[in-house]
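The primary structure of each chain is shown beneath.
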Amino acid sequence: MNVKFRLTIMNFFQFFVWGAWLITVANYWFGTKNWDGAQFGAIFSTMGIASIFMPTLCGIVADRWINAEKLYGALHILGGLTLMYVPQVSNPSDFFWVILVAMIFYMPTIALSNSVAYNALKKGGLDVVKDFPPIRVWGTIGFIVAMWITNLTGNKASENQFYIAAIAAIFLGLYSFTLPKCEPEGKTAENKSFMELMGLSSFKLFADYKLALFFIFSMFLGAALQLTNAYGDVFLDDFKHNPIYADSLVVKYSTLIMSISQISETLFILAIPFFLKRFGIKQVMLFSMIAWVLRFGLFAYGNPGEGLWMIILSCIVYGMAFDFFNISGSLFVETSTDSKIRSSAQGLFMMMTNGFGAVLGSVVSGQIISLYFTDAATGEKDWHNIWLTFAAYALVIAIAFAVLFKHKHNPKDVSNISH
């Protein structure tokens, strides 16, 4: 079987597992279980908590002791078994802990999937910059397909969404053992230092100014992603409180409207090779930050009536905001680190974006919205100023990145990823 096709299957199910329940878990929580909303936000923090330590630890294990594709498979099988247990949970506290365990198994697989794919493409003599984005786009398609399957089969509020995700995860786990070997490279060196013996060499990357700055900005951009994940759908749904928009398509199909964001990802992923080779990694990451400003700003002024085009355009822009930083950032790590600690470095990247960034975004934004943008009497949220605040945050990050992050574009650096 063609290596690119095999990696396509891996990427499709990698995000199918997530998409089967991530968007619809709120319907299960509120609609089926009738649990309180105060604890629901903690469910999204499980991804951040797990990403703080698991991707880096698993990257170290893959660099030193276990083939990345085997570790990847074992994690998916364990994660699938955990998701299979979710419907048995009868209270919100236990639900949090079970989902946290599931995320501890799932979150490191994102970085590991990149390491497995890059390794397989290089061994096959293929160009990572050219060939990886079209493969990665199938991950987004997998997310969309899972989301639509869960909705269209009438399971968006039922426990079946977790069974769908669990079956896909176990299948992917078993399938991954057939993927090209991605053997540890960090176990062959002699006269190792204590840091090398403990597999902590990737943390030395913070001693490099450029890499340290990159990881810090990764955290801030991870916070921006958490903002749109946590509040995008509820923002659209809140238009139902306005009699003018109560029966609008945006209110009735808010989740499907939000899925335009994922559809947009598929298009922008395909554009990444052109943008990387034409503008370079720094400019592509800067485009992402500007896109976040537009994402939030358009939401601030959009509505289901005459402002519908702004909501749709915001969802389209999301594709650039998400893909351009995540994919180009992963490639930046690939070109800027030694092969012996590359899996660890990819894990560190994921830790900063989906770990500290996610926790920062959920905790800080929740406090700000509660203190400054929520009516104490009615609980009504001032979405216009909420989104403007988020847009201002993204703008400050973009300006700081443009000024502080020095990275000269060299087309050869991008081309060398394929070798």
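Reading the values: rules and limits
- Residues numbered from 1 in each chain as written.
- Predicted model: local features only at pLDDT ≥ 70, side-chain atom pairs only at ≥ 80, totals over all residues.
- Heavy atoms only, no water.
- Patch = residues over 30% accessible without salt bridge, like charges linked within 9 Å, V, L, I, M, F, W, Y side chains within 5 Å.
- Areas by Shrake-Rupley, 256 points an atom, 1.4 Å probe, with all protein chains shown as cover.
- Salt bridge = Lys/Arg side-chain N within 4 Å of Asp/Glu carboxyl O.
- Helix = DSSP H or I, 4+ residues; strand = E, 2+ residues; numbered from the N terminus.
- Phe/Tyr/Trp six-rings, centres within 6.5 Å; stacked < 30°, edge-to-face > 60°.
- Buried < 20%, exposed > 50% of the residue type's maximum accessible area, 1.4 Å probe, protein only.
- Expected span 1.5 Å × (residues − 1).
- Bend = angle between axes of the 7 residues up to and from the residue.

## Topic: a nonpolar patch on the surface
Taken together, Tyr209, Leu395, Ile399, Val403 and Leu404 make up a surface patch of nonpolar side chains, about 490 Å² in accessible area. Per element, the largest residue contribution to the nonpolar patch is four residues, and it comes from helix α15 (residues 383-404). Along the polypeptide, valine 403 turns up in helix α15.

## A look at the packing of aromatic side chains
Scanning the entire structure with this criterion turns up 39 aromatic pairs. Each ring, one from phenylalanine 95 and one from phenylalanine 162, has its centre 6.1 Å from the other, and the planes form 75°; the classification is edge-to-face. Placement of the pair is phenylalanine 95 in helix α5 (residues 92-123) and phenylalanine 162 in helix α7 (residues 160-176), with a sequence separation of 67 residues. Of the residues examined, phenylalanine 95 reaches a relative accessible area of 0% and is grouped as buried. On the numbers, 4.7 Å between centres and 50° between planes, the contact of phenylalanine 214 with phenylalanine 332 is tilted.

## Structural notes on helix α11 (residues 254-279)
Given a rise of 1.5 Å per residue, 26 residues ought to cover 38 Å, and the 35 Å separating the end C-alpha atoms of α11 matches this to within 8%. Taken as a whole, α11 carries its principal kink of about 40° at alanine 271; the proline proline 273 stands between one and four residues after it. Glycine 280 occupies a position one or two residues after α11 and carries a positive phi of about 95°.

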